[in-house]
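Residue strings, one per chain:
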Amino acid sequence: MAKTATKKQTLGFQAEVKQLLHLMIHSLYSNKEIVLRELISNASDASDKLRFAALSNNDLYAGDSDLKIRIAFDKAARTLTISDNGIGMSRQEVIDNIGTIAKSGTKEFFNALTGDQAKDAHLIGQFGVGFYSSFIIADKVTLTTLRAGETEAVTWESAGEGDFTIAPADKTTRGTDIVLHLREGEDEFLNDWKLKSIIRKYSDHITIPIVMKKSEWKDGEQVPTDEDETVNQASALWAKSKSDITEEEYQAFYQHVSHDFEPPLSWTHNRVEGNQEYISLLYIPAKAPFDIYERERSHGIKLYVKRIFIMEDTEKLMPQYLRFVRGVIDSADLPLNVSREILQSSKDIDTIRAASVKKVLGLLEEMAEQKPEQYQAFWNEFGRVLKEGPVEDASNRERIAGLLRFASTHTDTSVQSVSFKDYIGRMKEAQQAIYYITADTLAAAKNSPQLEVFKKKGIEVLLMTDRVDEWALSFLHEFDGTPLQSVAKGAVDLGKLQDEAEKKAEEEAAEAFKPVLAKLKEALKD
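What counts and how
- Residues numbered from 1 in each chain as written.
- Predicted model: local features only at pLDDT ≥ 70, side-chain atom pairs only at ≥ 80, totals over all residues.
- Heavy atoms only, no water.
- Buried < 20%, exposed > 50% of the residue type's maximum accessible area, 1.4 Å probe, protein only.
- Helix = DSSP H or I, 4+ residues; strand = E, 2+ residues; numbered from the N terminus.
- Pairing = 2+ DSSP bridges.
- Polar contact = N/O pair within 3.5 Å; in protein donor to acceptor, adjacent residues only side chain to side chain.
- Contact = heavy atoms within 4.5 Å.
- Axes fitted to C-alpha atoms, helices over the stretch in contact; angles between N-to-C directions.
- Parallel < 35°, antiparallel > 145°, perpendicular 65-115°, else oblique.
- Expected span 1.5 Å × (residues − 1).

Thoughts on the pairing of strand S12 (residues 300–305)
When you tally the buried positions in S12, you get six out of six residues, the bulk of the element. Residues of S12 alternate between two faces, with Gly300, Lys302 and Tyr304 on one and Ile301, Leu303 and Val305 on the opposite face, all of them buried. Here S12 pairs with strand S14 (residues 326–331) via six bridges, running parallel. Residue pairing for S14: Tyr304 is matched across the bridge by Asp330. Note that S12 and strand S13 (residues 308–312) share four bridges and pair antiparallel. Directly across from Tyr304, in S13, lies its bridge partner Phe309. In this antiparallel pair of consecutive strands, S12 and S13, the connection spans two residues, and Lys306 shows a positive phi of 50°.

Put into structure tokens, the structure is as follows:
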């Protein structure tokens, strides 16, 4: 019997958890369906982790490699149970994962709240606090778990107030059981049809089968039978032919992999065959995540090998300047025991990454050309991140430059909507450079004295006021053969754009300055 000698303990929640629990119970009750979505997502993650761990230690399966998630309800006891036979948790992992939350994530979560219950409820998944949503519909939660390869099971229980208990358990099978003791009025979660419809709505494309008992009508109500049925499709959406996937299915899968409640802006789905075989399904979100400007943040591409989840957040799959991209890449060629170390030196991964970057850039180019309003919406969210591209990606520098947008004296607004191509199309006949000015603010740029001569002659100047601009421009010296020139650094030679009077005045000024320059040189000698 899997049991531990450790006695029952009562422990207090971390302060941030108390605050979060209060919020869950009293504020985020408008979309209760997310509870099931989040707990199923956690169960799916636990199954993925076991699959990956079992690649190097098959004994962890202990004869049970048929991974599944089971949903059951008991009307008499008023309980809803979510069970999985995934990796499970040790006693310390339960305390670490459920008793505390990473403070940075909690702070950002509270800062991101809008006051709109529907929107705020959807933030739960993005910030990794999905388990606590249980208390939206339950006044007590009991979690019992046994980690794969271990013999000591543990039960965690809380009423969602200031503390929780943790005690030995008699569970003999690997995985986790979560029992929600439902609040009064939450009878919809004791309804077979309602539960199955929620699963199909939010979790249809989870690759682990979600199982419930079949039901039949008896005495005027639906009652469960002894026969199991798989409620979700339990198949890899990305492995299907594009013609067999609806737009709604693409959007639902995006929401599953991204924990984003809004539909994506666009996506690209590709199957590559030949020297290498892999499938990629990559999405451009509509809104930036809260931590988009943290360059060390997690990436959003999940790596699979032959439909088996391997890892997430590897920087080898997508460069930093495309860190907003979400989706999956499934390779048929990588070894199943691939590690982060192997990825660092894998030519296959390098090839997949290069091709995926080109697909994303192509998607953005198509959007910019055919749907300029949609591209402007993208730029408003992710433009500053994309500006890191010319620094990081020399091989695609010209393509990235074509996607950049800036404010300009031509449009005279703060909106960054002018491309280098737009600028070149408006250049004066004798103009030989793309002129720009960098400044800390738009007002400082627009009121710079260096702009006077350009305003006088009607020459457009790009206004660059993002902190990343100067860094990017130090790597970007021309576009399509036309040099970029700052109007604020050194003398600007307007060439044929100057009339004779201006040239003469400039020569006279230079001549008048010669004695001063000579004295300075003499002084420096000393």
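Back to the text.
What to know about the side chain of Ser419
Within the secondary structure layout, Ser419 lies in the loop between strand S15 (407–408) and helix H13 (420–425). Polar side-chain contacts of Ser419 include one of 3.0 Å to the backbone nitrogen of Asp422. When neighbours within four sequence positions are excluded, Ser419 is seen to be in contact with Gly402, Leu404 and Arg405.

Some details on the packing of helix H9 (residues 347–370) against helix H10 (residues 372–386)
Axis separation between H9 and H10 bottoms out at 5 Å; the angle between their running directions is 125°. Between H9 and H10, the angle falls in the class oblique. Judged by residue contacts, Leu364, Met367, Ala368, Glu369 and Gln370 of H9 engage Pro372, Gln374, Tyr375 and Phe378 from H10.

Quick notes on helix H2 (residues 34–54)
Its 21 residues give H2 an end-to-end C-alpha distance of 30 Å, which sits within 8% of 30 Å, the value for a rise of 1.5 Å per residue. The element H2 is largely enclosed, with a buried count of 15 among its 21 residues.

What about the sheet that holds S12?
One open sheet holds the five strands; their spatial order is S10-S11-S14-S12-S13, and the pairing between them is mixed. Strands at the two margins of the open sheet, each flanked by one partner only, are strand S10 (266–272) and S13. Neighbour-to-neighbour, the strand axes of this sheet turn through a mean angle of 15°, independent of strand direction.

Let's talk about the pairing of strand S2 (residues 69–74)
Side-chain positions along a regular strand alternate between the two faces of the sheet. Alternating positions in S2 separate cleanly, Ile69, Ile71 and Phe73 being buried on one face and Arg70, Ala72 and Asp74 remaining unburied on the opposite face. Between the antiparallel neighbours S2 and strand S3 (residues 79–84) lie four residues, among them Arg78 with a positive phi of about 55°. As paired strands, S2 and strand S8 (residues 210–218) are joined by two bridges and run parallel to one another. Pairing of Ile69 across the sheet is with Ile210, part of S8.

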